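Structure at a glance
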Amino acid sequence: MTRSLHTSLVFAASILIAAFAVRAASLSGSSLPRNSNGAPAAADPTDTQYLLPTKRDQIGRITAPVQINGQGPFRFMVDTGSNRTVLAAATLVKLGLTSDITHPVSVTGIGGSEIAPTAHIASLDAGDMHFRDQEMPVLTGPVFGGIDGILGMDAFDGMKLSADFHRGRITIVHSRNNRPSYGYYVLNAKFLSDRLLMVDAEVGRIKTKAIIDTGGEHTLGNMALLHALTAHRHSPYKPVTTDVVGVTSVVAVGTLDRAPPLQIGAADISDLFVVYSDFQIFKSWGLQDTPTILIGMDVLGTLSDLTIDYRRKEVDFLPRGNARPTLDKRWFSMTDF
């Protein structure tokens, strides 16, 4: 990846990608499988376990099998906090392609921005999602350990993403505008931009904007939320300084602290730890002065089922332990390409 480019190059609109991982000795587990030396393991395209729940020793993840130029399947992380689909640099090698530095794009991650090359992809298919003749950013950040790319929200218009953590299944289909089954918590969402989902929530008694981020390993909060919370209470937990690494080479430093209960609709989430910092991604969204929380897989992965209906602008979820209705959605395999 280059950092020195000729000034005559024309850049596309900035790409916002909220995928990240947290590095701290106090946080156990990881969203990625590890080798014996502790490094992220390479993706195994033959592995059909594309959906992992969050457990005490492991942060869950949502990944989907993807076909690129008729090859695959490749393992892509589904990131509802990314407005573009991107490729890992190692994936180009597998495809026999090279990146193009003459058509760079600006990519903004959790900690900051950098310039990335692109690559031309003739086709990319995931369930009912189809790309044709696209120039896609190519990145090499640490979050790509164990995955081949990030499936962003640029093709989710009118789609429905369903993640069944109990059965380990994921579907991406066209929304039929159906209401969720009985027993599901329903959240009406707003599009902040480019199908970025935002819902109303409360942390303690602080009214907070909440963004659903399936690409984030841990839940993040901005400084506006931290200042509002510290003005109303004192945490007995000793804060821990931690690094947050995203899709760029910029490493952000945050403070891990215990938060009061998070209330989203009729659901209450307790025992929540949040990493607070002046993250660049909040500034890019124009939310640096509004108490905002980025809900990651440490929370989302504890659910039994998570469904995001982009046509209905709705987030439906079923807490773990609740029985899934037997006559609910029909599931289609995404591993039979």
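Quick note: structure is the one above.
Below you will find a few notes about this structure.

Rules behind the numbers
- Residues numbered from 1 in each chain as written.
- Predicted model: local features only at pLDDT ≥ 70, side-chain atom pairs only at ≥ 80, totals over all residues.
- Heavy atoms only, no water.
- Helix = DSSP H or I, 4+ residues; strand = E, 2+ residues; numbered from the N terminus.
- Polar contact = N/O pair within 3.5 Å; in protein donor to acceptor, adjacent residues only side chain to side chain.
- Buried < 20%, exposed > 50% of the residue type's maximum accessible area, 1.4 Å probe, protein only.
- Pairing = 2+ DSSP bridges.
- Salt bridge = Lys/Arg side-chain N within 4 Å of Asp/Glu carboxyl O.
- Contact = heavy atoms within 4.5 Å.
- Core = buried A, V, L, I, M, F, W, Y, C linked by side-chain atoms within 4.5 Å.
- Phe/Tyr/Trp six-rings, centres within 6.5 Å; stacked < 30°, edge-to-face > 60°.

**What about the side chain of Asp164?**
- Topologically, Asp164 is positioned in strand 11 (residues 159-164).
- Within the local environment of Asp164, its side chain forms a polar contact with the side chain of Arg167, the two groups lying 3.1 Å apart.

**Quick look at the pairing of strand 5 (residues 71-78)**
- Counting buried residues in strand 5 gives six out of eight residues, a clear majority hidden from the surface.
- Pairing geometry for strand 4 (residues 61-68) and strand 5, over five bridges, is antiparallel. Bridge pairing links Val66 to Phe74 in strand 5.
- Taken together, strand 4 and the strand that follows it, strand 5, pair antiparallel across an intervening segment of two residues, in which Asn69 is found at a positive phi of about 50°.
- Summarising the sheet, strand 5 and strand 10 (residues 149-151) pair through three bridges and their orientation is parallel. Across the sheet, residue Phe76 finds its bridge partner in strand 10, namely Gly149.

**Quick look at the pattern of salt bridges**
- Counted by the stated rule, this structure contains nine salt bridges.
- A salt bridge links Asp148 to Lys94, with the nearest nitrogen and oxygen atoms 2.7 Å apart. Of the two residues, Asp148 sits in the loop between strand 9 (129-139) and strand 10 while Lys94 sits in helix 1 (residues 89-95), which places them 54 residues apart along the sequence.
- For the salt bridge of Asp164 with Arg167, the shortest nitrogen-to-oxygen distance reads 3.1 Å.
- On the basis of relative accessibility, which here comes to 0%, the residue Asp164 falls in the buried class.

**Here's the deal with the environment of Leu196**
- By the element assignment, Leu196 lies in the loop between strand 14 (190-191) and strand 15 (197-203).
- Owing to a relative accessible area of 4%, Leu196 belongs among the buried residues under this scheme.
- Linking Leu196 and Ile211, residues 15 residues apart in sequence, is a C-alpha distance of 7.5 Å.
- Excluding its chain neighbours within four sequence positions, the residues that come into contact with Leu196 are Thr80, Gly81, Lys190, Phe191, Ile211 and Trp285.

**Quick word on the nonpolar core**
- If you look at the biggest cluster of nonpolar residues, it comprises 61 residues, and the most contacted ones within it are Ile68, Leu124, Leu151, Ile172 and Ile295.
- Within the second largest apolar cluster, 15 residues are counted, among which are Leu196, Val244, Ala252 and Ile281.

**Side note on the packing of aromatic side chains**
- The tally for this structure, following the rule as stated, stands at five aromatic pairs.
- Look at Tyr185 and Phe317: their rings are 5.0 Å apart centre to centre, the planes differ by 5°, and that puts the pair in the stacked class. In this pair, Tyr185 sits in strand 13 (residues 185-188) while Phe317 sits in strand 25 (residues 314-319), placing the two residues 132 residues apart along the sequence.
- Of the residues examined, Tyr185 reaches a relative accessible area of 27% and is grouped as partly exposed.
- Summarising the aromatic geometry, the rings of Phe191 and Tyr310 are spaced 6.2 Å apart at their centres and angled 25° between planes, so their arrangement reads as stacked. Pair noted here: Phe191 is in strand 14 and Tyr310 is in the loop between strand 24 (303-309) and strand 25, with a separation of 119 residues, a long-range link.
- Residue class for Phe191 comes out partly exposed when judged on its relative accessible area of 29%.
- In textbook terms, an aromatic cluster arises when at least three aromatic residues are bridged by ring pairs, as seen for Phe156, Phe191 and Tyr310.

**Regarding helix 2 (residues 223-230)**
- Ala224, Leu225, Leu226, Ala228 and Leu229 are the residues of helix 2 that are buried.
- Turning to helix 2, the residues buried within the fold contact strand 15, strand 16 (206-212), strand 17 (220-221), strand 22 (272-276) and strand 23 (292-295).

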